Amino acid sequence: MKTGIIVGSNERSRLTYAAMTSVIISSMGDEVYVFLTMDAVKAFTKNPEVKNEDLSSKTMVEKKEEDYMSLFRKAKKSNKVKIYACSYASKLFNYTKEDYVDIVDEIAGITTFSMDVEGGQIISVW
């Protein structure tokens with residue numbers, strides 16, 4: 001089975017939800033394709049911009065909960081997870097592949113993501 005996760009926010013709670021979902025699904029042996037778009041790409045640069053505006057995000061910071069990035073790293077260890085940075089959002093913010101952290105596999109468009117997930121389920125995190 002394949003699962004696509006579209007992430008459009010750089011709010012910590014939403015990033016963490018997407019990361020936890022990636023860990024769980026990949027640990028069951030399924031393929032996971034993560035498509036980072038709009039503000040979400042900001043959270044995957046070498047100088048990440050992450051919002052902590054909602055109560056869950058503030059509480060995560062306060063309680064020093066595991067960070068979304070380390071969760072995504074765990075998911076990637078399964079070799080079942082691929083992470084794309086949206087080509088449009090990358091262009092919008094003038095990001096190149098070198099601006100992203102190492103867990104971002106490539107800059108790609110929604111068409112590439114859609115073709116990879118074809119026949120699977122898609123989860124949107126906004």
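Keep in mind the model is a prediction, meaning the values are calculated, not measured. (Residues numbered from 1 in each chain as written. Predicted model: local features only at pLDDT ≥ 70, side-chain atom pairs only at ≥ 80, totals over all residues. Heavy atoms only, no water.)

Some remarks on the pairing of strand S3 (residues 81-86)
Part 1 of the reasoning: Taking burial as the measure, the six residues of S3 include five buried ones, the bulk of the element.
Part 2 of the reasoning: Two strands pair when backbone bridges link them, and strand S2 (residues 31-36) and S3 are joined in this way by five bridges, in the parallel orientation. Among the inter-strand pairings, phenylalanine 35 is bridged to a residue of S3, identified as tyrosine 84.
Part 3 of the reasoning: Both S3 and strand S4 (residues 106-108) contribute to a ladder of three bridges, which runs parallel. Looking across to S4, one finds that tyrosine 84 is bridged to glutamate 106. (Buried < 20%, exposed > 50% of the residue type's maximum accessible area, 1.4 Å probe, protein only. Helix = DSSP H or I, 4+ residues; strand = E, 2+ residues; numbered from the N terminus. Pairing = 2+ DSSP bridges.)

So, the pattern of salt bridges
Part 1 of the reasoning: Taken as a whole, this structure holds seven salt bridges when the rule is applied.
Part 2 of the reasoning: Aspartate 105 serves as the salt-bridge partner of lysine 76, at 2.5 Å between the closest nitrogen and oxygen. You can see lysine 76 sitting in helix H3 (residues 68-76) and its partner aspartate 105 sitting in the loop between helix H4 (87-92) and S4, a full 29 residues away along the chain.
Part 3 of the reasoning: Classification of lysine 76 by relative accessible area gives buried; the value is 17%.
Part 4 of the reasoning: On the basis of relative accessible area, aspartate 105 is assigned to the partly exposed category, the value being 31%. (Salt bridge = Lys/Arg side-chain N within 4 Å of Asp/Glu carboxyl O.)

Focus: the nonpolar core
Part 1 of the reasoning: Val34, Leu36, Phe44 and Phe72 are the most contacted members of the largest nonpolar core, which totals 37 residues.
Part 2 of the reasoning: Every element with two or more residues in this core is listed here: strand S1 (2-7), helix H1 (12-27), S2, H3, S3, helix H5 (110-117) and strand S5 (121-125). (Core = buried A, V, L, I, M, F, W, Y, C linked by side-chain atoms within 4.5 Å.)

A look at the packing of H1 against helix H2 (residues 55-62)
Helix packing geometry: the angle between the two helix axes and the distance between the axes.
Part 1 of the reasoning: Contact geometry of H1 with H2 gives a least axis separation of 7 Å together with a crossing angle of 80°. Taken together, the axes of H1 and H2 are roughly perpendicular relative to one another. Judged by residue contacts, Arg12, Ser13 and Thr16 of H1 engage Ser56, Ser57, Met60 and Val61 from H2.
Part 2 of the reasoning: Of the residues belonging to the contact of H1 with H2, the class tally is two nonpolar, four polar and one charged. (Axes fitted to C-alpha atoms, helices over the stretch in contact; angles between N-to-C directions. Parallel < 35°, antiparallel > 145°, perpendicular 65-115°, else oblique. Contact = heavy atoms within 4.5 Å. Nonpolar A, V, L, I, M, F, W, Y, C, P; charged D, E, K, R; others polar.)

Some remarks on the sheet that holds S5
Part 1 of the reasoning: With parallel pairing, the five strands of this open sheet are ordered in space as S4-S3-S2-S1-S5. On the outer flanks of this sheet lie S4 and S5, each paired with one strand and no other. Ignoring which end each strand starts from, the neighbouring axes of this sheet average 25° apart.
Part 2 of the reasoning: In this sheet, S5 lies alongside S1 in parallel orientation, the contact comprising five bridges. Looking at the pairing, valine 7 lines up with valine 125 of S5.

Focus: the packing of aromatic side chains
Part 1 of the reasoning: Taken as a whole, this structure holds five aromatic pairs when the rule is applied.
Part 2 of the reasoning: Aromatic side chains phenylalanine 44 and phenylalanine 72 sit 5.5 Å apart centroid to centroid with 70° between the ring planes, which places their arrangement in the edge-to-face category. Separated by 28 residues along the polypeptide, phenylalanine 44 in the loop between S2 and H2 and phenylalanine 72 in helix H3 bring together distant segments of the chain.
Part 3 of the reasoning: You can call phenylalanine 44 buried: its relative accessible area is 0%.
Part 4 of the reasoning: Through pairs of rings, three or more aromatic residues link up here, namely Phe44, Tyr68 and Phe72. (Phe/Tyr/Trp six-rings, centres within 6.5 Å; stacked < 30°, edge-to-face > 60°.)

Quick look at the environment of glutamate 66
Part 1 of the reasoning: Structurally, glutamate 66 is set in the loop between H2 and H3.
Part 2 of the reasoning: Owing to a relative accessible area of 36%, glutamate 66 belongs among the partly exposed residues under this scheme.
Part 3 of the reasoning: Sequence separation between glutamate 66 and isoleucine 122 is 56 residues; the distance between their C-alpha atoms is 25 Å.
Part 4 of the reasoning: Of the polar contacts made by the side chain of glutamate 66, one reaches the side chain of serine 70; its length is 3.1 Å.
Part 5 of the reasoning: A polar contact is formed between the side chain of glutamate 66 and the side chain of lysine 74, at a distance of 3.0 Å. (Polar contact = N/O pair within 3.5 Å; in protein donor to acceptor, adjacent residues only side chain to side chain.)

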